[in-house]
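Survey of secondary and tertiary structure
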Amino acid sequence: MTLRCTYHWLLSLFALVFIALQSTAIAHATQYTEASHSHEGLLCEVEAIATEHDVIEPAVIDLHDPEVEFVERNTSVFVSQNYITPPGRAPPPRSPPTPLF
């Protein structure tokens, strides 16, 4: 039981640290907006990571209309045989007789 309790505590701690770091990074990015800045002479990592994720548009592909080729095929019309009911009768019912009231 202790292992399961410890697992839940560690999972909760990980989620808390993740949310705290994300909210701090978002707050830092909104404080400095898009202006380039540095901390103690080093370029800010939040700004450096944000500039790498610009949108790269895919190249436009020129699609042309496909050439359609019509081929005439000679096929015979399918004709099925007439259905003939099999001779004979069905077997008698196998349930107990029902009373007629």
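Residues numbered from 1 in each chain as written. Predicted model: local features only at pLDDT ≥ 70, side-chain atom pairs only at ≥ 80, totals over all residues. Heavy atoms only, no water.

Some thoughts on the overall build of the chain
Test applied: Here a strand is any run of E in DSSP of at least two residues, a helix any run of H or I of at least four, and the numbering for each starts at the N terminus. Burial status follows relative accessibility: with a 1.4 Å probe on protein chains alone, a residue under 20% of its type maximum counts as buried, one over 50% as exposed, and anything between as partly exposed. All accessible-area figures derive from a Shrake-Rupley calculation using a 1.4 Å probe, and residue coverage is judged against the displayed protein chains alone.
Counting its regular elements, the chain contains 2 helices and 2 strands. Within the chain, the proportion of its 101 residues that are buried is 5%. Counting every atom, the chain has about 11,300 Å² of accessible surface; 63% of that belongs to carbon and sulfur.

Here we look at a nonpolar patch on the surface
Filter applied, for reference: Exposure above 30% relative accessible area and no salt bridge define the residues that can form patches, which grow by joining like charges within 9 Å and nonpolar side chains of Val, Leu, Ile, Met, Phe, Trp and Tyr within 5 Å. Think of a salt bridge as a Lys or Arg side-chain nitrogen and an Asp or Glu carboxyl oxygen that are within 4 Å of each other.
Together, Leu10, Leu13, Leu16, Val17 and Leu21 line one region of the surface with nonpolar side chains, adding up to about 510 Å² of accessible area. Tracing the sequence through the fold places Leu16 in helix α1 (residues 2-32). Note on Leu16: relative accessible area 57%, which makes it exposed.

What to know about unusual backbone geometry
Phi at Glu40 takes a positive value of approximately 55°, unusual for a residue other than glycine. Relative to the helices and strands, Glu40 is located in the loop between β1 (38-39) and β2 (42-43). Looking at Glu40, the relative accessible area reads 84%, which means it is exposed.

Comments concerning the confidence of the model for the chain
Note the cut-off: Scored between 0 and 100, pLDDT is the confidence that the predictor attaches to each residue.
Residue-level pLDDT values for the chain average 79, and 86% of them are 70 or greater. Taking the mean pLDDT of every element in the chain, the minimum, 60, falls on helix α2 (residues 45-52) and the maximum, 88, on α1.

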